[in-house]
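# Structural description and commentary
Residue-level listing of the chains:
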Amino acid sequence: MREPSAIVAQVLKLVGASIRPGVTTGQLDRIAEDFIRSCGGVPVFKGYGYELDNLFPATLCVSVDNEVVHGIPGMRILKDGEIVSIDVGVKKNGFVGDGAYTFAVGRVSADKERLMRITQESLAKAIEQAVEGNKVGDIGYAVQTHVEEAGYSVVRELCGHGVGRDLHEAPNVPNYGRRNSGMKLTEGMTIAIEPMVNLGTHKVRTAQDGWTVLTYDGAPSAHFEHTVVVRKEKAEILTK
Ligand code: CO
């Protein structure tokens, strides 16, 4: 899992360096897929899904502003002032790494800057809880508390997840919860923690394309994700 996760981190860095006003989301997807394949990896989101007539068609999920997650890259041209979540999963050696990062396109408002910062901080606080003896609820509690104290809301319909041979494994890792609740964390467990934080209502809806998750009120949303290994003292971040 170290190898696919390191590729994930490199993809996010590479794609991030290409983000500027005027670039299309489809161009970013192409850059990501070419790089992953050059590393001997496979993009795991491509062809993923349960409805066989609507499998996810791309390497990246690219979600702009009011798009929370699972945006499909294509002809959309990024504009100054937007924020864009880039999510990528890579399989290599039979194992998966999964990570996401939200980038600013050009100069963005102070509101969006703060939304991104609080979301990234909530992921860091969640990772601090990913140690042996804690429970999954401690992770959700850490995210929810930080986000709600800042005046924002956490998405409930989508969760982090166990990750390993498959992209999605047990347990679910919600971004809300109560302390000392849920599955016990033990050393060596590998989980993807991914807070999705909305500036307005926590409610979301799915777009006509069957994939893109949108905020219900149209306000912006941010998303950060790391694949981590639960350890005794301090979780190890594989997608750093
Ligand atoms: Co994930």
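The notes below deal with the structure included here. Here the structure is a predicted model, which is why all the values come from computation and not from measurement.

This part takes up the coordination of the cobalt ion. Looking at the cobalt ion, one finds its protein donor set to be Asp 98 (OD), His 161 (NE2), Glu 194 (OE) and Glu 225 (OE), positioned 2.0 to 2.2 Å from the metal centre. Coordination geometry of the cobalt ion: the four donor atoms subtend angles of 80 to 165° at the metal centre, consistent with an arrangement described as irregular. Each donor residue of the cobalt ion lies on the same chain, and together they follow the pattern D-x62-H-x32-E-x30-E. You can see Asp 98 sitting in strand β5 (residues 95-104) and its partner His 161 sitting in strand β7 (residues 160-162), a full 63 residues away along the chain. Across the pair, exposure class does not vary: Asp 98 and His 161 are buried alike.

Looking now at the pairing of strand β2 (residues 60-64). Of all five residues in β2, five are buried; the element is thus mostly enclosed. Both faces of β2 are covered, namely the face carrying Leu 60, Val 62 and Val 64 and the face carrying Cys 61 and Ser 63. When β2 meets strand β4 (residues 83-92), the two strands line up antiparallel, connected through five bridges. Each bridged residue has a counterpart across the sheet, and for Val 64 the counterpart in β4 is Val 84.

As a further point, take unusual backbone geometry. Negative phi values dominate among residues other than glycine, just as trans dominates among peptide bonds. Between Ala 170 and the following residue, Pro 171, the backbone shows a cis peptide bond with an omega angle of -5°. Examined against the element boundaries, Pro 171 turns out to sit in strand β8 (residues 169-173). Within the chain, His 70 stands out as a residue other than glycine whose phi angle is a positive 65°. Its place among the elements puts His 70 in the loop between β3 (67-69) and β4. With a phi close to 60°, Asn 180 is a non-glycine residue in the positive phi region. Inspection of the secondary structure assignment puts Asn 180 in the loop between β8 and β9 (190-193).

Read across the sheet, five strands follow the order β8-β7-β9-β14-β15 without closing on themselves; strand pairing throughout is antiparallel. Of all the strands in the sheet, the pair left with one neighbour each is β8 and β15 (236-237). Relative to β8, β7 runs antiparallel, the two being bridged by three bridges. Bridging across to β8, Gly 160 finds its partner in Val 173.

Here we come to the sheet that holds β3. An order of β3-β12-β11 is seen for the three strands of this open sheet, with the pairing classed as antiparallel. What marks the edges here is a single partner per strand, and that holds for β3 and β11 (204-206). Taking each pair of neighbouring strands and ignoring which way they run, the sheet shows an average axis angle of 40°. Note: β3 against strand β12 (residues 213-215), two bridges, orientation antiparallel. Paired with Val 69 across the two strands is Val 213, which belongs to β12.

Attention now moves to the nonpolar core. Counting residues in hydrophobic clusters, the biggest one holds 27 residues, and the most contacted among them are Ala 130, Ile 139, Tyr 152, Ile 191, Ile 193 and Val 228. Elements with a minimum of two residues in this core: α3 (110-128), α4 (136-149) and β9. Looking at this core, the element that brings in the most residues is α3, giving six residues. When near neighbours in sequence (up to four residues on either side) are disregarded, Val 228 contacts Ile 127, Ala 130, Met 189, Thr 190, Ile 191, Ile 193, Ala 235, Glu 236, Ile 237 and Leu 238.

As a further point, take the pairing of strand β14 (residues 226-229). In β14, alternate side chains face the same way, and those of His 226 and Val 228 on one face and Thr 227 and Val 229 on the other are all buried. In this structure, the hairpin formed by β14 and β15 is closed by a connection of six residues.

Taking 1.5 Å of rise per residue, the 19 residues of α3 would be expected to cover 27 Å, and the 27 Å separating its terminal C-alpha atoms lies within 8% of that figure. Regarding α3, the residues found buried are Lys 112, Leu 115, Met 116, Ile 118, Thr 119, Ser 122, Leu 123, Ala 126 and Ile 127.

For helix α1 (residues 2-18), built from 17 residues, the straight-helix expectation of 24 Å at 1.5 Å per residue is met to within 8% by its first-to-last C-alpha distance of 25 Å. Looking only at α1, the buried set comprises Pro 4, Ser 5, Ile 7, Val 8, Ala 9, Val 11, Leu 12, Val 15, Gly 16 and Ser 18.

In the contact formed by α3 and α4, the axes pass within 8 Å of each other and the chain directions differ by 150°. Looking at the two axes, α3 sits roughly antiparallel to α4. Seen along the crossing, α3 lies across α4 with a hand that is right-handed. Contacts from Ile 118, Glu 121, Ser 122, Lys 125 and Ala 126 in α3 reach Ile 139, Ala 142, Val 143, His 146 and Val 147 in α4. Taken together, the residues of the contact of α3 with α4 break down into six nonpolar, two polar and two charged.

Cut-offs applied
- Residues numbered from 1 in each chain as written.
- Predicted model: local features only at pLDDT ≥ 70, side-chain atom pairs only at ≥ 80, totals over all residues.
- Heavy atoms only, no water.
- Donors = N, O, S within 2.8 Å, 3.2 Å for Na, K, Ca; no water.
- Tetrahedral: all angles 85-135°; square planar, octahedral: opposite > 155°, others 65-115°.
- Helix = DSSP H or I, 4+ residues; strand = E, 2+ residues; numbered from the N terminus.
- Buried < 20%, exposed > 50% of the residue type's maximum accessible area, 1.4 Å probe, protein only.
- Pairing = 2+ DSSP bridges.
- Axes fitted to C-alpha atoms, helices over the stretch in contact; angles between N-to-C directions.
- Core = buried A, V, L, I, M, F, W, Y, C linked by side-chain atoms within 4.5 Å.
- Contact = heavy atoms within 4.5 Å.
- Expected span 1.5 Å × (residues − 1).
- Parallel < 35°, antiparallel > 145°, perpendicular 65-115°, else oblique.
- Left-handed = near helix turned anticlockwise from the far one by under 90°.
- Nonpolar A, V, L, I, M, F, W, Y, C, P; charged D, E, K, R; others polar.

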